[in-house]
Amino acid sequence: MIYQEFLARFGLSEFRVGQREVIDAVMAKRDCLCIMPTGGGKSLCFQLPALARTGLTVVISPLIALMKDQVDSLLKRRIPATYINSSLDSRERSQRTQDMIRGEYALVYVAPERLRSSSFLEAIRQANVTLLAIDEAHCISQWGHDFRPDFARLGKFRRRIGSPQTIALTATATKTVRDDISQVLELENPATFVSGFARENLSLRVESPSSNSDKDRRIIEYLATHTGSGIIYAATRKSCEHLVELIQTASNRAVAFYHAGMEPDERRRIQEAFMSDRVPLIVATNAFGMGIDKRELRFVLHYNLPGSIEAYYQEAGRAGRDGQPAECLLFFSYQDRFIQEFFIENAYPSRQIVRDVFEFLKSFDVDPIELTLQQIKEELNVSIGTEGIRVAEALLEKAGAIERMDSQQNMASIRIDLPHANLPELLPRDARAQRTVMRGLETLVGDLRGERVYFSPTRFSETVEMKWDAVMRALRELVKLEGVDYVPPFRGRAVHVLRRDWSFEQLQIDFEELDRRKKCEYEKLEQVIRFVSSRRCRQLEILEYFGDPQRRICHRCDNCGGSEQSVAPIPAKQLVGVAARRVWYAIQVVLSGAARTHGRIGKQLLVQMLTGSTSKKLVPLRLDRIPTFGRLKQLRQESVSDLVSALLVGGWLSQVETTKFRPVIQISDEGRKLLQSELNPSVLAALPAELATIIATTLTEEPPEPQESHAPNQSDLPHKSYATNEIDTSIEITAPTEATAPSSPRTNQAYSWTWQLFMDGYDEAQVQQIRQIDSAQIRADLTAAADDGQAIRAHWLLSPQQLSQLRQFVDEQGDRMTAKSVSQLPPGVSGPELMYFLKSSR
């Protein structure tokens, strides 16, 4: 089919990579699963077919702002389209619904929540729906990174409207998520397309600042030299708040802050300001960006490590959608992985926590239970965050034990799961009120048996011509029937317990499968670590991850052309003679250094030792006495660090956590074999060409030939320096480094790690998870830090109410405060909390 006429309607002259194949499949009336990156042109894959053939295309989209933007764009091109959602009043929704039935639109955008309405479902049935398009389809899968329950019900909706041809589209989906999407939607042998992931205008870069303060410095330097619009992503709200304050103080850039906890109107205001260039810079959590089509976005920065390649590339891919050059810079610190591990633990709560949540909810007599996630967490006194409570509720809901509900504007709801055709006949003949109410409910529910249907109590009582008090009395009797479930109106969020009679053991929750998926999430995190550590083309790494058949080297990233080089790289086959021996010598020195330190130190200390650093950290550990000390002093620490990374990727070294969250470098069995072997050209070829070139051209000392063995002897090692208590790995990587630690002679103390985590923006629950310590130990650590001259903040451990009480108490006591004053403390605060308050910066 010739598409030029239709392309022109969209202001286009040709397809992007992968679009033509998808559109051909849609025009051939096949179900499709389309995986394209952000900015890859997914929308055209259903918009053009909607224009090229008769019938209605219904588009399920998760965001109201996204619907409006796409519809406005279509209307500008005189393509008949509209949206029907909660931003419209009832009159306008009704008018657009009637126009849809009459066939006046080619495309209608709706939110998945709209499909709960029985009247809208009936209207859809009357319309000539020829294509169902589901945008952001990863939301269908519970294992996608943005799961929404209403998306999970789309399979039932599709079946009820006759299972029309369907195309599901997303920017990021693993094979597990793709399988979930196909299964939930009941797609028949869908044509699956994974393409268009190459973004040749993007320059992907990774930097490894030594500390968060170094990250802050680089952020300000970057903003000083890069104009245009950009997004800075951070893992936590506290980190976002810190960055906004930093940017406002240190630069003249207008900046806004965005996170999921904001009120909808505030989020909408900030998003509109960003889209209109009134605010060119956004600092945000990963809550920002879905559906954002700001084409002239010039850069995306990641202050913290993302949790997966999918998340990274979706966020980075928001840059440069106009096709012009754009930069994506990720700041990598090994300790960033800990917050991602905390998120994973919350996404997969333990069996015991799910049990605790279920038993707690069953203990309530009221129904529905109107408690926030935070209230449940506090009542249970568990270490996981509120996200963990939310997931526990989701698991219980999927098992049929509870139902999570949101307020529907003072609406009540009913669910009837009875097959009987004439339900009033089930009731006694003298139960007239009950029979009247049941007839009304039958009419209300229609053929939506087994589904929750919302209704206005006032309108219902008018319909059955009964006062609401009489309706309520009848309902109390009707809910005694098995299969009739009524929930009265409520405000906010609530939980409705469906099976109080069940024990936890009766719930069909596959915790073994959850554990398997949890391991998969950890593996995805490891893949991000490998990505940021790799010396290969970064675009190529991503294309291989997604299985894009069009994968190729980008020539723009920091690994394959994005940075200046002082000399041309030497091809591996030309790395011979003296050049080869120099590189081989460097490899042997690194392996020897790792072997001689017996896996007791981390990467940074190993690099400092090999380059002969004058850092004071090396002397107490007696690392300056090891024979490999300073053997690579002619190389920059950055180059030696890259060599260590290359040997890690090759499997000759390994990075392990002998103590939780404290990674150290160990030599592997393969590395020991390599240490004893002759020069191996295949090993040299495994190194990045640029790195091999730097080593070969920088090392001027002629290495011995034949190569001497660098395998360590026991006599090489200082007698006492490698006892377990002599080398404190807490100073390496995960604890404060020399650049970030407090300027104190006691930075090797365990408390300094606790203090640094709070300084980096983690909250108390996160620090508990990372450090595996309780609140009392956290308070003791921070008090010790204060005694050692470090600034601690009162709000780190004290609630606003406690702060207010303590401020008033201290003001009233003044100079009269003594040890006996503790007995006069107000309720809710203790002596240790008073001590912490007095030592803190308030």
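Residues numbered from 1 in each chain as written. Predicted model: local features only at pLDDT ≥ 70, side-chain atom pairs only at ≥ 80, totals over all residues. Heavy atoms only, no water.

Q: Run through the overall build of the protein, naming residues and quoting values.
A: A tally of regular secondary structure across the protein gives 33 helices and 20 strands. Residue burial in the protein is summarised as follows: out of 842 residues, 55% are buried. Considering only contacts within the protein whose residues lie at least 6 apart along the sequence, 73% involve residues at least 24 apart. For the protein, the exposed area adds up to about 38,300 Å²; of that, 47% sits on carbon and sulfur atoms. (Helix = DSSP H or I, 4+ residues; strand = E, 2+ residues; numbered from the N terminus. Buried < 20%, exposed > 50% of the residue type's maximum accessible area, 1.4 Å probe, protein only. Contact = heavy atoms within 4.5 Å. Areas by Shrake-Rupley, 256 points an atom, 1.4 Å probe, with all protein chains shown as cover.)

Q: How would you sum up the packing of aromatic side chains? Please name residues and give values.
A: The final tally for this structure, using the stated rule, is 14 aromatic pairs. Relative to Phe288, the ring of Phe274 lies with its centre 5.7 Å away and its plane at 75°, an arrangement referred to as edge-to-face. You can see Phe274 sitting in helix α12 (residues 264–275) and its partner Phe288 sitting in the loop between β11 (281–284) and β12 (297–302), a full 14 residues away along the chain. The same class applies to Phe274 and to Phe288, which are both buried. Considering the side-chain rings of Phe342 and Phe343, the 6.4 Å spacing of their centres and the 55° angle between planes classify their relative orientation as tilted. Since its relative accessible area comes to 5%, Phe342 is described here as buried. We note Lys215 situated over the ring of Tyr303; from NZ or CZ to the ring centre the distance is 5.0 Å. Against the face of Phe531 rests Arg538, its NZ or CZ located 5.6 Å from the ring centre. (Phe/Tyr/Trp six-rings, centres within 6.5 Å; stacked < 30°, edge-to-face > 60°. Lys NZ or Arg CZ within 6 Å of the ring centre and 35° of its normal.)

Q: Can you break down the side chain of Gln539 residue by residue, with the values?
A: Counting through the fold element by element, Gln539 comes out in helix α22 (residues 538–546). Setting aside residues up to four positions removed in sequence, Gln539 forms contacts with Phe197, Ala198, Arg199, Glu200, Leu204, Tyr313, Arg552 and Cys554.

Q: Let's hear about the pairing of β11: which residues, and what values?
A: Here β11 shows no split at all, with Leu281 and Val283 on one side and Ile282 and Ala284 on the other all buried. Sheet analysis places strand β9 (residues 229–233) next to β11, joined by four bridges and oriented parallel. In the sheet register, Ile232 faces β11, and the bridge partner there is Val283. Sheet topology note: the strand β10 (residues 255–258)/β11 ladder contains four bridges and is parallel. The residue of β11 that forms the bridge with Val255 is Leu281. Crossover β10 to β11 through α12 is right-handed. (Pairing = 2+ DSSP bridges. Right-handed = clockwise from strand over helix to strand, strands pointing away.)

Q: Describe the packing of helix α15 (residues 351–362) against helix α17 (residues 386–398), listing the residues and the values that go with them.
A: For the pair α15 and α17, the least separation of the axes is 9 Å and the interaxial angle reads 75°. In terms of their interaxial angle, α15 and α17 are classed as roughly perpendicular. Listed contacts from α17 to Val354, Val357 and Phe358 of α15 are Ile389, Ala392, Glu393, Leu395 and Leu396. Partitioned by chemical class, the residues of the contact of α15 with α17 number seven nonpolar, no polar and one charged. (Axes fitted to C-alpha atoms, helices over the stretch in contact; angles between N-to-C directions. Parallel < 35°, antiparallel > 145°, perpendicular 65-115°, else oblique. Nonpolar A, V, L, I, M, F, W, Y, C, P; charged D, E, K, R; others polar.)

Q: Tell me what's going on with the state of the cysteines, and back it up with residues and numbers.
A: A full pass over the atoms with the stated rule returns zero disulfides. Take Cys32: it sits in no disulfide, and the sulfur closest to it among the cysteines is that of Cys34, at 8.0 Å. For Cys32, a relative accessible area of 0% corresponds to the buried category. Cysteine Cys554 remains unbridged, with the sulfur of Cys537 as its closest cysteine sulfur at 3.7 Å. Since its relative accessible area comes to 15%, Cys554 is described here as buried. (Disulfide = S-S within 2.5 Å.)

Q: Can you explain the pattern of salt bridges? Please cite residues and give values.
A: Inspection of the entire model under this criterion finds 46 salt bridges. A salt bridge links Lys156 to Glu451; the shortest N-O distance between them is 3.7 Å. In this pair, Lys156 sits in helix α8 (residues 154–160) while Glu451 sits in the loop between α18 (432–445) and β16 (453–455), placing the two residues 295 residues apart along the sequence. Under the relative-accessibility criterion, Lys156 is labelled partly exposed at 41%. Classification of Glu451 by relative accessible area gives buried; the value is 17%. In this structure, the salt-bridge partner of Arg552 is Glu200, at a minimum N-O distance of 2.6 Å. Here Arg552, found in the loop between α22 and α23 (577–596), pairs with Glu200, found in the loop between β7 (191–194) and β8 (202–207); they are 352 residues apart in sequence, far enough to count as distant. (Salt bridge = Lys/Arg side-chain N within 4 Å of Asp/Glu carboxyl O.)

Q: Explain α12 residue by residue, including any values.
A: With twelve residues, α12 extends 16 Å between its outermost C-alpha atoms, agreeing within 8% with the 16 Å of an ideal straight helix rising 1.5 Å per residue. Along α12, the positions that sit buried rather than exposed are Ile270, Gln271, Ala273 and Phe274. The buried residues of α12 occupy an angular sector of 160° when the element is viewed end-on, so they sit on one face. A positive phi of about 70° marks Asp277, the residue just after α12. (Expected span 1.5 Å × (residues − 1). Arc of directions from axis to C-beta.)

Q: Provide a residue-level description of unusual backbone geometry, including the pertinent values.
A: For residues that are not glycine, phi is negative in most cases, and the peptide bond is trans in most cases. Phi is positive for Ser163, close to 50°, though the residue is something other than glycine. Position of Ser163 among the secondary structure elements: in the loop between α8 and β6 (166–170). Of note, His555 is a non-glycine position whose phi angle comes to about 65°, a positive value. Tracing the sequence through the fold places His555 in the loop between α22 and α23.

Q: Go over α17, please, and point to the residues and values.
A: In this model α17 runs 19 Å from its N-terminal to its C-terminal C-alpha over 13 residues, within 8% of the 18 Å that 1.5 Å per residue would give. Inspection of α17 places Gly388, Ile389, Val391, Ala392, Glu393, Ala394, Leu395, Leu396 and Glu397 among the buried residues, and these make up the whole buried set. Elements that come into contact with the buried residues of α17 comprise α14 (336–347), α15, α16 (373–380), β14 (402–406), β18 (493–497) and α21 (511–533).

Q: So, the confidence of the model for the protein: which residues are in play, and what are the values?
A: Across the protein, pLDDT averages 82, with 87% of residues at or above 70. Contacts from residues 563–568, a stretch scored under 50 in pLDDT, to residues over four places away or in other chains number six contacts. Long-range and interchain partners of residues 704–748, a stretch whose pLDDT sits below 50, account for 114 contacts in this model, where long-range means more than four residues apart. (pLDDT = per-residue confidence, 0-100.)

Q: Summarise the sheet that holds strand β15 (residues 412–416); cite the residues concerned and give the values.
A: One open sheet holds the three strands; their spatial order is β16-β15-β17, and the pairing between them is antiparallel. Each edge of the open sheet is held by one strand with a lone partner, namely β16 and β17 (484–487). Ignoring which end each strand starts from, the neighbouring axes of this sheet average 20° apart. Strand direction decides the pairing type here: β15 and β16, joined by three bridges, are antiparallel. Across the sheet, residue Ile414 finds its bridge partner in β16, namely Val453. The strands touched by α18 within the sheet are β15, β16 and β17, with β15 carrying the most contacts at an inclination of about 90°.

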